[in-house]
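# Survey of secondary and tertiary structure
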Amino acid sequence: MSDQRNPQVNTWMGRTVTDSGGSKVGTVSDVYVDVDVDSNVPDWLAVSTGLFGTKVSFVPVEGARVDGDRVVVAYDKDKIKDAPRTDADGSLSIEEERTLYAYYGRGYTDHAGSDRPGTPAPAPATTTPTGVSSGDRGASMVRAEEELSIDKHTREAGRVKLRKWVETENVQVTVPVQRQMARVVREPVREGDTAGVGDFVEGEEEIVLSEEVVDVSKRTVAKERIGLEKQTTTEQVPVNETVRKERIEVEGGDVVDETRKTDH
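Residues numbered from 1 in each chain as written. Predicted model: local features only at pLDDT ≥ 70, side-chain atom pairs only at ≥ 80, totals over all residues. Heavy atoms only, no water.

### Focus: the overall build of the chain
The helix and strand tally for the chain stands at 2 helices and 8 strands. Listing the helices and strands of the chain from first to last along the sequence gives β-β-β-β-β-β-α-α-β-β. When burial is assessed residue by residue, the chain has 22% of its 264 residues classed as buried. Long-range pairs, those at least 24 residues apart, make up 58% of the contacts in the chain between residues at least 6 apart in sequence. A total accessible area of about 23,200 Å² is found for the chain, and carbon and sulfur atoms account for 47% of it. (Helix = DSSP H or I, 4+ residues; strand = E, 2+ residues; numbered from the N terminus. Buried < 20%, exposed > 50% of the residue type's maximum accessible area, 1.4 Å probe, protein only. Contact = heavy atoms within 4.5 Å. Areas by Shrake-Rupley, 256 points an atom, 1.4 Å probe, with all protein chains shown as cover.)

### Here we look at the packing of aromatic side chains
Aromatic ring pairs are reported here in terms of the distance separating the ring centres and the angle at which the planes meet. Applying the stated rule across the entire model yields 5 aromatic pairs. Seen from their ring centres, Tyr75 and Tyr104 are 4.7 Å apart, and the 65° between their planes marks the pair as edge-to-face. On the criterion of sequence distance, the pair formed by Tyr75 in the loop between β6 (70–72) and α1 (77–81) and Tyr104 in the loop between α2 (94–103) and β7 (132–133) is long-range, its members being 29 residues apart. We note that Tyr75, like Tyr104, is buried. Between the aromatic rings of Tyr103 and Tyr104, the centroid separation amounts to 5.1 Å while the plane-to-plane angle is 85°, which identifies the pairing as edge-to-face. Of the residues examined, Tyr103 reaches a relative accessible area of 23% and is grouped as partly exposed. On the accessibility criterion, Tyr104 (3% relative accessible area) is buried. Counting every residue linked through ring pairs, the aromatic cluster contains Trp44, Tyr75, Tyr101, Tyr103 and Tyr104. (Phe/Tyr/Trp six-rings, centres within 6.5 Å; stacked < 30°, edge-to-face > 60°.)

### Here we look at the confidence of the model for the chain
Taken over all residues, the pLDDT of the chain has a mean of 78, while the share at 70 or more is 77%. Here residues 1–7 is a poorly scored stretch, pLDDT under 50, and it has 31 contacts once near neighbours within four places are set aside; other chains count. Contacts for the low-pLDDT stretch residues 111–136, under 50 throughout, to residues beyond four places or in other chains number 58 contacts. (pLDDT = per-residue confidence, 0-100.)

### Notes on the nonpolar core
Grouped together as the largest cluster of nonpolar side chains are 24 residues, with contacts concentrated most on Trp44, Leu45, Val59, Val71, Val73 and Tyr104. Among the secondary structure elements, those contributing two or more residues to this core are β2 (24–33), β3 (42–49), β4 (55–60) and α2. Setting aside its immediate chain neighbours within four residues, Tyr104 contacts Trp44, Phe58, Val59, Pro60, Tyr75, Lys79, Ile80 and Ala83. (Core = buried A, V, L, I, M, F, W, Y, C linked by side-chain atoms within 4.5 Å.)

Shown next as structure tokens:
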């Protein structure tokens, strides 16, 4: 790659780059074209990212468009920022470009086995839609889908306080008490018993009667200690969200078989 720029895209320099969803990616710091192609077709955008624009990520020009003062690219923000790091030194080696092509799911074909160090591989002879590649391996298309990313955070759910107050209530109990009462006892005097017999005299005798009286007093007694402690319970909370999935179907011609490859 070279820092020579196609006149059609040199106005992109310094413009803000956003993905198709409107998220800001960075700023166009350079436009790379393939000098091995006569038309100098622009192939890569060098986009300055990071807090102070200190990082550079490469994103294909293919599928990019101008929208006002912005350049809207065909790849999302996270995809671009996670692209393989390559020095923006004015050129891309064959290996660097091959790595970027593979990362973005684009077909890569060099010049008949050309392996000249420091010389970039050419862009494909024809421009294919975003996500579509063509070459010796036939045609391929990358299918993407959204996945849910679920996290949790803790928030205040409420407060519980202990508050003490005084109530007055009536207490009724039955207390047994004893009380003395006088009982008249009459008995005959035995014959010959002359005690107390004599002249008729007047007089009186008395006995003292007693009874129990209830005395009531009050005292404060500690009955129980009441406290608060935390306990964690786990419950299942359903999450309902929609995700988008790309679908790919084959149209036209005969399909012999379907082969699903897995990474080893």
